[in-house]
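Residue-level structure breakdown
So the chains spell out like this:
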Amino acid sequence: MKLVYVFDACCGWSHGFSGTLREITSRHPDLPVEVVSGGLFTGPRRVPIREFGYVKDANAKIAELTGAVFGQAYEELIADGSFVMDSEAAARGVAALRQVAPDRAAELAAALQHAFYVDGRSLSEAATYRTVAQATGLDADAVVAAFEAPEAQTAAHADFRRAAQLGVTGFPTLLAVDADSVTPLAYGHATADEADERLAAH
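So, here's what we can say about the structure. (Residues numbered from 1 in each chain as written. Predicted model: local features only at pLDDT ≥ 70, side-chain atom pairs only at ≥ 80, totals over all residues. Heavy atoms only, no water.)

**Description of the overall build of the protein chain**
The test is simple: Helix and strand definitions here come from DSSP, where helices need a minimum of 4 consecutive H or I residues and strands a minimum of 2 consecutive E residues; each element is numbered from the N-terminal end. Atoms considered for the radius of gyration are the C-alpha atoms alone. The globule rule reads 2.2 Å times the number of residues to the power 0.38. A 1.4 Å probe rolled over the protein chains alone gives each residue an accessible area, and that area as a share of the maximum for its type sets the label: buried under 20%, exposed over 50%, partly exposed in between.
A tally of helices and strands in the protein chain yields 9 helices and 4 strands. Walking the protein chain from its N terminus toward its C terminus, one meets helices and strands in the order β-α-β-α-α-α-α-α-α-α-β-β-α. Expected size for 202 residues packed as a compact globule is a radius of gyration near 17 Å; at 16 Å, the protein chain falls within 12% of this value. Projected onto the principal axes, the alpha-carbon positions of the protein chain cover approximately 45 × 35 × 30 Å. Taking all 202 residues of the protein chain together, the buried fraction comes to 50%.

Now the structure itself:
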């Protein structure tokens, strides 16, 4: 059995779930974790953040429910309004980090969200992945090369298909997958205890 974490690096609720994911994975070090990027902001939804009028209120709710921190640099991005959230670029970055350190995918997903939601760094720029790689002790040149390689786009689209095949329609979603059996453990917001109860029932 393994855990499958389907998230979107540009999704505030996924950022809010980072602490829960960290707690669950620390409780179950024996369970491998597959991290899959969803495609929340792709195609016609890839527009300036000002087009999403609900973001500020949603972030306040996320912070209230999960204790997640939204940094000053990120708040400035929201205030400016011209920043474009691009889930495909973010998924390429997740794929690059995953390629360099596959056994640390869950930890690196959280680090990436910290870079965006706390430090206000663009998930579309190679420099962000260099910074995350350096902060987490990875080979920064290898991560940037993987992000810029054409294979990263292929991996991003494969992730979007994988999320759809798993029946995931919202992010974050945490699943327990055992052969053909898929058990939802958490969707949107849940505590580690709630996820554990569902895992035990499985």
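**A few points about the pairing of strand β2 (residues 33-37)**
Using the following cut-off: The pairing criterion is simple: DSSP has to find at least two bridges between the two strands. By convention, a crossover is right-handed whenever its connection, traced from the first strand over the helix to the second and viewed with the strands pointing away, goes clockwise.
As defined by bridge partners, strand β1 (residues 2-7) adjoins β2 across 5 bridges and the pair is classed as parallel. Paired with valine 6 across the bridge in β2 is valine 36. A crossover links β1 with its parallel partner β2, the connecting element being helix α1 (residues 12-27), and its sense is right-handed.

**Some points on the state of the cysteines**
To keep it simple, the criterion reads: Any two cysteine sulfur atoms within 2.5 Å of one another count as a disulfide.
Overall, the coordinates contain 0 disulfides when judged by the stated rule. Summary of cysteine pairing: cysteine 10 is not part of a disulfide, and the nearest cysteine sulfur, belonging to cysteine 11, is at 8.9 Å. In this structure cysteine 11 comes out as buried when scored by relative accessible area, which is 6%.

**Some details on the side chain of aspartate 86**
Test applied: Definition of a polar contact: a pair of N or O atoms within 3.5 Å, with one able to donate and the other able to accept a hydrogen when the atoms are protein atoms, and with sequence-neighbouring residues admitted only if both atoms are side-chain atoms. We call two residues in contact whenever any of their non-hydrogen atoms come within 4.5 Å of each other.
Looking at the element boundaries, aspartate 86 is found in the loop between α3 (72-80) and α4 (87-100). Among the residues examined, aspartate 86 registers a relative accessible area of 16% and is labelled buried. Of note is the side chain of aspartate 86, whose polar atom sits 3.0 Å from the side chain of arginine 46. Look past the residues within four positions of aspartate 86 in its chain and what remains in contact with it is Cys10, Phe41, Arg46 and Ser124.

**Comments concerning the sheet that holds strand β4 (residues 181-187)**
The cut-off we apply is this: Lines fitted to C-alpha atoms define the axes, with helix axes restricted to the stretch in contact, and inter-axis angles between N-to-C directions lie between 0 and 180 degrees.
Taken together, the 4 strands give an open sheet; going across it, the order is β2-β1-β3-β4, and neighbouring strands pair in mixed fashion. Each edge of the open sheet is held by one strand with a lone partner, namely β2 and β4. Strand-to-strand, the axes of this sheet are offset by a mean angle of 25°, without reference to chain direction. Where β1 lies against strand β3 (residues 173-178), 5 bridges are found, and the strand directions are antiparallel. Bridged to lysine 2 within β3 is valine 177. The sheet contacts of α4 involve β1 and β2, and relative to β2 the element is tilted by about 155°.

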